[in-house]
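# Summary of structural features
Residue-level listing of the chains:
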Protein chains: 2
Amino acid sequence: MTEEHELGRLDAWWRAANYLSVGQIYLRDNPLLRRPLEPEDIKPRLLGHWGTTPGLNLVWTHLHRLIRERDVDAILLAGPGHGGPAAVANAWLEGTYSEVYRHIGRDEAGMRRLFAQFSAPGGVPSHVAPETPGSIHEGGELGYVLSHAYGAVLDNPDLVAVAVVGDGEFETGPLAASWHADKFLDPVADGAVLPVLHLNGYKIANPTVPARIPREELLALLRGYGHEALTVEGDDPLDVHRQLLAAMDAAHDRIREIQAAARDHGDVVRRPWPMILLVTPKGWTGPREVDGVPVEGTWRAHQVPLAGTRENPAHRAQLEEWLRSYRPEELFDADGRPVPELLDLAPVGDRRTSANPHANGGLLRRPLDLPRFSTAAVEVTAPGASTHEPTRVLGNYLAEVIRRNPDIFRLFGPDETASNRLDAVYEVTDKVFAGEIREVDEHLAPHGRVMEILSEHTCQGWLEGYLLTGRHGLFSCYEAFIHLVDSMLNQHAKWLKTTRTLDWRPPISSLNYLLTSHVWRQDHNGFSHQDPGFIDHVVNKKAEVVRVYLPPDANTLLATMEHCLASSHYVNVVVAGKQPSYDWLDPAAADLHCARGLGIWDWASSGGEDPDVVLACAGDVPTLEALAAVSLLREHLPEVGVRFVNVVDLMRLQDEREHPHGLGDAAFDAVFTTDRPIVFAYHGYPWLIHRLTYRRTNHHNLHVRGYLEEGTTTTPFDMVMMNDLDRYHLVMDVIDRVPGLGSRAAEVRQLMEDSRRRARAWTREHGEDLPEVRDWSWPAGGDR
Amino acid sequence: MTEEHELGRLDAWWRAANYLSVGQIYLRDNPLLRRPLEPEDIKPRLLGHWGTTPGLNLVWTHLHRLIRERDVDAILLAGPGHGGPAAVANAWLEGTYSEVYRHIGRDEAGMRRLFAQFSAPGGVPSHVAPETPGSIHEGGELGYVLSHAYGAVLDNPDLVAVAVVGDGEFETGPLAASWHADKFLDPVADGAVLPVLHLNGYKIANPTVPARIPREELLALLRGYGHEALTVEGDDPLDVHRQLLAAMDAAHDRIREIQAAARDHGDVVRRPWPMILLVTPKGWTGPREVDGVPVEGTWRAHQVPLAGTRENPAHRAQLEEWLRSYRPEELFDADGRPVPELLDLAPVGDRRTSANPHANGGLLRRPLDLPRFSTAAVEVTAPGASTHEPTRVLGNYLAEVIRRNPDIFRLFGPDETASNRLDAVYEVTDKVFAGEIREVDEHLAPHGRVMEILSEHTCQGWLEGYLLTGRHGLFSCYEAFIHLVDSMLNQHAKWLKTTRTLDWRPPISSLNYLLTSHVWRQDHNGFSHQDPGFIDHVVNKKAEVVRVYLPPDANTLLATMEHCLASSHYVNVVVAGKQPSYDWLDPAAADLHCARGLGIWDWASSGGEDPDVVLACAGDVPTLEALAAVSLLREHLPEVGVRFVNVVDLMRLQDEREHPHGLGDAAFDAVFTTDRPIVFAYHGYPWLIHRLTYRRTNHHNLHVRGYLEEGTTTTPFDMVMMNDLDRYHLVMDVIDRVPGLGSRAAEVRQLMEDSRRRARAWTREHGEDLPEVRDWSWPAGGDR
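Not measured: the values here are computed from a predicted model.

Quick look at helix H24 (residues 743-766) of chain B now. All names here are of chain B. Given a rise of 1.5 Å per residue, 24 residues ought to cover 34 Å, and the 34 Å separating the end C-alpha atoms of H24 matches this to within 8%. Turning to H24, its buried residues number three or more, namely Ala745, Val748, Met752, Ser755, Arg756, Ala759 and Thr763. Turning to H24, the residues buried within the fold contact helix H19 (620-636), helix H22 (716-722) and helix H23 (727-737). Directly beyond the C-terminal end of H24, a positive phi value near 65 degrees is found at Gly767.

In structure tokens:
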């Protein structure tokens, strides 16, 4: 094939994709322009974005060619916002769209529907949504295209993820951080990311920063990120096609060279990976001017360049001219099908970017080979007879998970894996690092299962990309700082919710969080590290995709984590401590308790079927305080019947109409009673418990203690006292709520006040918690 | 002074600061080592971080010299986490600490207390906390030091903010984005930021990325960020002092050159600003090895390098040797005061970094000169008789605020000011841009009041820095994406809460958010742009510092914003629409309604003192639906007495014990009744209304409609229907809850079901909202 012919073929595809994109934005009928455009052919309301589309179509066009010519396994992630029309156009041209959505055929009728549905109510969004075949990246919230791409290629040595970075997105923090993901890529076992920085110059209403700094400054920046940039620049289509074709080939050659050096010759020294700097006008090939004002190549091309096409004949004529400039008659046959010459360019089968199974990870997902948690469980001879660091115990379990699943599970964290005491995993794997490794370093290697960078955004993006391509993972993070990715969690939860309704997207693995170094144990970090609000944030998401667990000890943490790692299509938030704390349940009891999600602990209860008060708790520190309160009550007010309830699965509190894990009202009432006071010691902000239970029969008797946003650098025991969650306060709460206790109770109440004051003074003076002197083994439950 | 003498003087200060830092980490007694260290001299629990401290002390030392020698107005922001001991040591040496905290004198007794309080319960945190004089940057959560520094120097032409960037923090997204803040700095009217990237090589448990890439790659990156880096590198103190002294002078010279060129010669072309790349060992001058393992210069120096100093005599001896290596006897006199030679180095008065008023912005804050909102208000002849775009109306008001306050107010936004329809401000000011400006650009200039970068993190950081140094501002943002800064909001709210207890820190201006392009109006953006959860996030913060407003129309938005801009020391969240919507209240009514925070709208009510139902609403779209429901009820069930309540100030719903704005129970009951059903149409997630009201008498009668996380690309009216917030549903809710309505009500209910179905079909087909045909002017309230 001559170069001219090849470029013509590329240009034809590009024109076809552009035509289909413009059609989606404007037309509801007359898709092939068989007659002049009439007002009724135009959508009544024009919603869409043209600006970024021609650039995306260009990259897709050239990627198809590369894939077809070299049999490359590649996906494309569209970073720029509002890339929807381009993604849909290419998927339709490739035929995938009609395979997934059978009512949208690859013919004139299908084209008409394709156009009509875009940005119509309940139709196709302007962003590259979950509904778009071939996408693992929504594009509505900017900043994650590179971290998603890097997550996708981990452990996929043959995969190339082409990540188009918009020059608007380029300004965001998460994107800026994620350029450094190349320092965590193993050229042997991982695939490659090919970033395409698309400099079209403008955002919504402003020029972009990278387009308005000297070019040598931008190139220095990209070199600093570890990339060798191949520049493709211009506004003459054939010239740009020629440049881009060469750049794609060169980039692919370079990727394979680096990989071959590493794979065949063991040369894993990090080298600059190629990238493409693509400089073309915003809204390229669209209207150059509208009403005498420049549009193409300016921010005015961002959205809909011709706004008055229904009522304004001049605008309509300009639109028709624009559409005809793509010469649709050469691109589509009489039935509206793409002509064969066009289709020759497209890859076939799974090689189509819109059909690549890596972009529909549920198809590839294999369940983890999970050991039973009991293999790592700690022996518990009696409640509180021993202590362990729960996350350290979990580390042993995770080490075995990693050993059994050497290529489909990774652990992510912002430099906190060891701090979070999961370091047992280093007995079986290393932390990945492709930067310089020195003798003093420990557990650093070009390949491993642990990904650590001090960017929660990059960790989250990696994990999302890894999950969306069919693998498994866990993100461990300080509880307070997981808020950094609140917004990313939103988007991922929305993705999960939407894809539950798409039967062609099988479920992916759950996004698992282990939040530790939590609010109650920030002895030296103080107030800035004390925030349990991520739970509140998560429970706002659709109930069917979120789960929150607060295991109270080591064995319940193990049982919870086994469950989470086996699950799919959820967001699982597990909050657990890393400090030594009591073991309450043996493996069998932990298994049962976690399966139930919440339950009465008979051994800590008295009063049998007819307690005077329900003392409930959720979270490790609240559980300790509540049990200590039981102990104080047994000592000082043994006549008070206390039902002790521990909650592991927070969603059990909600009712079954609100959450799939929710308890029915009868079951809830059986545990919490319909008329006894409930004193609830909770890990986080107390009102969440009210929000989850406000419909329950006994809600008016519910009294919750939790974190009141009072904190500082201090001991754990001082922290619970500052927030009125301490054992003495809980006893006082019981006394205040159980009727008819008499004068003895008033004395005990005073004793608690005094003990509290003394305890506070002691812990503040000594800088340590009070030594626990309790025997946690009480006679079996039910007695008084 | 000879160079040798000068370097010796610098080294003495550095040794003193290091000595005081180590003392804080370890000692509770024997602060001057008058006798050998005994176990009881050592704190019982060692909590603190040494690793970053010597580097910070070094920068402070050299900054003191520069300030003193050249009379520079400078502050220092310590980016690295756990920089607390260094900040405190320098403030104590400068004398400021003892001025602010009189019980911590600058003598032996004071030094003893200074040491004892650090990381002790309720004492001084390991981070540079609000309690630290001279700080506007907490440092517990990493990533914001540059944006804070840039915010501080805006409109402060003589100020230099030295921003120490840790090489761990360097990996975060917010920090990475904020390097580009230099493209928004006006060399004429703004001051300068001098970044010091401190490469000590390690984080908690890993090497840092910038320390392990080739140096030329790092320098290229910094050049790409727009900086000329002056490298200072070594581990020989005198040599490093020599280099750093020269680098500080050169950097300051260069800053003044750039400023002089711009100020004296109008040369505002952006040039590379200087920065310093400081490469010194982590934990420098600390123990080189502990128990045979290398510590200095590794990640092991991060926290407390000698852990066993109380029980292990060898460790204790090593600590004593370490402390004595600073030669305290040369640094402090017999009373523990710094020797005069040392004090000669320190700046005096307000020039001390720990006493610079810019770091205590409340001292400098002038109130805004605010026009009354009524000057921009829209005329309202009758409720619903006209429509306006509320944010566009606000734009006019903000233009006047800017006109009156040309140097103490700025508007921040991620490229959304125009999209959010605040563009009237461009009649009086421009968007700041220091990159290349082209002819096609509009309202871009080197100086202006509007700051736009596509990084919510940078916008928030700028604004925080601007407020913390005593100025005023407003951040306008799409509602969904403000979640990007959830975590920054946490930290700022914690700062505000803590500083309320510090009488030496007067209040700063409130952090004002305008959230628009909200959940109900994402016609073409769809699900990813639909999230009203920031309100939920904010109300978890301490009640005394957070306020949330949902003005239902243009005039209430104006009244609310005037109130917020005049306020201090709060976080104000204002949610308002930008689309054309009805005007309900005239200026006088808006003023009164906003002053009350919530109230009965008599003109929309019937049933007088004894209504059958309370129909409440908060937010512009819910208000429209609730009023339309009133209209339907009047038409079809005129016998139902409806009390119409609108809520602007969400915190009024909470009770007065929970929030300062909270209504007393009697006042609440007077509005919401004690026994009538309440149907509440709310802008966000419905459970928030339950959480705010669960203690109210009539809570069991409360039924809330809101956003149920159901969304897509569709019309506003389809959105409210998808979430059961529409007028028909509200009427059905009323019918279901008001007892004794009889068979007529059943018919109306069916009519509503049918209308709903028809309306949904219509809006989905037409891609538009139903035309409103209602007359909103009803006979005066109270009738039936």
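More follows now that the structure is in view.
What follows concerns the sheet that holds strand E2 (residues 159-166) of chain B. Residue and element names in this part refer to chain B. The 5 strands lie next to each other as E1-E2-E3-E5-E4, forming an open sheet whose pairing is parallel. Strand pairing shows two members of the sheet lacking a second neighbour, strand E1 (73-78) and strand E4 (227-233), which therefore form its edges. Adjacent strand axes in the sheet meet at a mean angle of 20 degrees, parallel and antiparallel pairs treated alike. By the bridge criterion, 4 bridges tie strand E3 (residues 192-199) to strand E5 (residues 273-279) in an arrangement that is parallel. Note on E5: the bridge partner recorded for Val196 is Ile276.

Take the sheet that holds strand E20 (residues 642-647) of chain A next. Residues and elements named next belong to chain A. Taken together, 5 strands build an open sheet; the order of strands is E18-E20-E19-E21-E22 and the sheet is mixed. Every interior strand has two partners, whereas the edge strands, strand E18 (598-600) and strand E22 (702-705), have only one. In this sheet, neighbouring strand axes are inclined to one another by 20 degrees on average, regardless of whether the strands run parallel or antiparallel. By the bridge criterion, 5 bridges tie strand E19 (residues 613-618) to E20 in an arrangement that is parallel. Note on E20: the bridge partner recorded for Ala616 is Val645. The sheet contacts of helix H20 (residues 665-672) involve E18, E19, E20 and strand E21 (678-682), and relative to E20 the element is tilted by about 130 degrees.

Now for the environment of Glu710 of chain B. Among the structural elements, Glu710 of chain B can be located in the loop between strand E22 (702-705) and H22. We classify Glu710 of chain B as partly exposed; its relative accessible area is 22%. In this structure, the C-alpha to C-alpha distance between Glu710 of chain B and Gln530 of chain B, residues 180 residues apart in sequence, is 8.8 Å. Side-chain polar atoms of Glu710 of chain B contact the side chain of Lys497 of chain A, separated by 2.8 Å.

Residues and elements named next belong to chain B. Look at Ser119: it is not a glycine, yet its phi comes out positive at around 55 degrees. Following the sequence through the fold, Ser119 ends up in the loop between helix H5 (108-117) and helix H6 (145-153). Accessibility expressed as a relative area gives 9% for Ser119, which makes it buried. Of note, Arg327 is a non-glycine position whose phi angle comes to about 55 degrees, a positive value. Its relative accessible area of 33% is what places Arg327 among the partly exposed residues.

What follows covers helix H9 (residues 237-265) of chain B. Its 29 residues give H9 of chain B an end-to-end C-alpha distance of 41 Å, which sits within 8% of 42 Å, the value for a rise of 1.5 Å per residue. Taken from the residues just after H9 of chain B, Gly266 of chain B is the one with a positive phi, measuring 65 degrees.

All right, on to the interface of chain B and chain A then. With 121 residues of chain B in contact, the opposing surface of chain A contributes 120 residues. Carbon and sulfur atoms supply 54% of the area buried between chain B and chain A, which totals about 9400 Å² over both sides. For the pair chain B and chain A, the interface holds 18 salt bridges. Close ionic contact of Asp531 of chain A with Lys541 of chain B constitutes a salt bridge, the shortest N to O distance being 2.5 Å. Taken together, the links from chain B to chain A amount to 58 residue pairs in polar contact (both at pLDDT 80 or more). Those elements that provide at least two residues to the side of chain B that touches chain A are helix H7 (173-178), helix H8 (215-224), helix H15 (486-499), helix H16 (534-539), helix H21 (687-693) and H24 of chain B. With 7 residues, the top contributor of residues to the side of chain B that touches chain A is H15 of chain B. Classifying every residue of the side of chain B that touches chain A gives 44 nonpolar, 43 polar and 34 charged.

Once turned by 180 degrees and shifted 0.0 Å along the axis, chain B lies on chain A with an RMSD of 0.0 Å. Taken together, the rotation angle and the small translation identify this as a two-fold axis. With an isologous cut-off of 70% or more, the 99% of interface residues of chain B that recur at the interface of chain A puts this contact in the isologous class.

Residue and element names in this part refer to chain A. Counting buried positions along strand E16 (residues 571-575) yields 5 of 5 residues, so the element is predominantly enclosed. Taking every second residue as pointing to the same face, both faces of E16 are buried, with Val571, Val573 and Val575 on one and Asn572 and Val574 on the other. Bridge analysis of strand E14 (residues 511-516) against E16 gives 5 bridges, and the strand direction is parallel. Following the sheet pairing, Leu515 is matched in E16 by Val575.

In total, this model carries 132 salt bridges over all chains according to the counting rule given. Among the ionic pairs, Asp71 of chain B bridges to Arg351 of chain B, the shortest N-O distance being 2.7 Å. One end of the pair, Asp71 of chain B, is in the loop between helix H2 (53-70) and E1; the other, Arg351 of chain B, is in the loop between helix H12 (340-343) and strand E8 (387-388), and 280 residues separate them in sequence. Take Asp71 of chain B: its relative accessible area is 49%, and that puts it in the partly exposed class. Counted as one network, the salt bridges with shared partners bring together Asp29, Arg34, Arg35, Asp41, Glu108 and Arg112 of chain A.

A separate point is the nonpolar core. Leu650 and Phe672 of chain A together with Leu650 and Phe672 of chain B are the most contacted members of the largest nonpolar core, which totals 260 residues. Filtering out sequence-adjacent residues up to four positions away, Leu650 of chain A remains in contact with Ile535, Val548, Leu550, Ala618, Tyr682, Leu688, Ile689 and Leu692 of chain A.

This part covers the environment of Val428 of chain B. Tracing the backbone through its elements, the reader meets Val428 of chain B in the loop between strand E9 (409-413) and strand E10 (431-432). Each C-alpha atom of the pair Val428 of chain B and Ile402 of chain B lies 7.3 Å from the other, and the pair is 26 residues apart in sequence.

This next bit is on the pairing of strand E15 (residues 546-549) of chain B. All names here are of chain B. Covered by surrounding structure in E15 are Val546 and Val548 together with Arg547 and Tyr549, the residues of both alternating faces. Bridge count for E15 against strand E16 (residues 571-575) is 4 bridges, and the pairing is parallel. Residue pairing for E16: Arg547 is matched across the bridge by Asn572. Note that the unit made of E15, helix H17 (residues 554-566) and E16 has a crossover that is right-handed.

Residues and elements named next belong to chain B. At a closest axis distance of 9 Å, the pairing of helix H1 (residues 3-26) and H2 adopts a crossing angle of 135 degrees. Here H1 is positioned oblique relative to H2, judged by the angle of their axes. As for how H1 packs across H2, the hand of that crossing is right-handed. In contact with Glu6, Leu10, Trp13, Trp14, Ala17, Asn18 and Ser21 of H1, H2 contributes Thr53, Pro54, Asn57, Leu58, Thr61, His62, His64, Arg65 and Glu69. Its residues assigned to classes, the contact of H1 with H2 comprises 6 nonpolar, 7 polar and 3 charged.

The rules we used
Residues numbered from 1 in each chain as written. Chains lettered and ligands numbered in written order. Predicted model: local features only at pLDDT ≥ 70, side-chain atom pairs only at ≥ 80, totals over all residues. Heavy atoms only, no water. Helix = DSSP H or I, 4+ residues; strand = E, 2+ residues; numbered from the N terminus. Expected span 1.5 Å × (residues − 1). Buried < 20%, exposed > 50% of the residue type's maximum accessible area, 1.4 Å probe, protein only. Contact = heavy atoms within 4.5 Å. Pairing = 2+ DSSP bridges. Axes fitted to C-alpha atoms, helices over the stretch in contact; angles between N-to-C directions. Polar contact = N/O pair within 3.5 Å; in protein donor to acceptor, adjacent residues only side chain to side chain. Buried area = accessible area lost by both parts, 1.4 Å probe. Salt bridge = Lys/Arg side-chain N within 4 Å of Asp/Glu carboxyl O. Nonpolar A, V, L, I, M, F, W, Y, C, P; charged D, E, K, R; others polar. Least-squares fit on C-alpha atoms with pLDDT ≥ 70 in both. Core = buried A, V, L, I, M, F, W, Y, C linked by side-chain atoms within 4.5 Å. Right-handed = clockwise from strand over helix to strand, strands pointing away. Parallel < 35°, antiparallel > 145°, perpendicular 65-115°, else oblique. Left-handed = near helix turned anticlockwise from the far one by under 90°.

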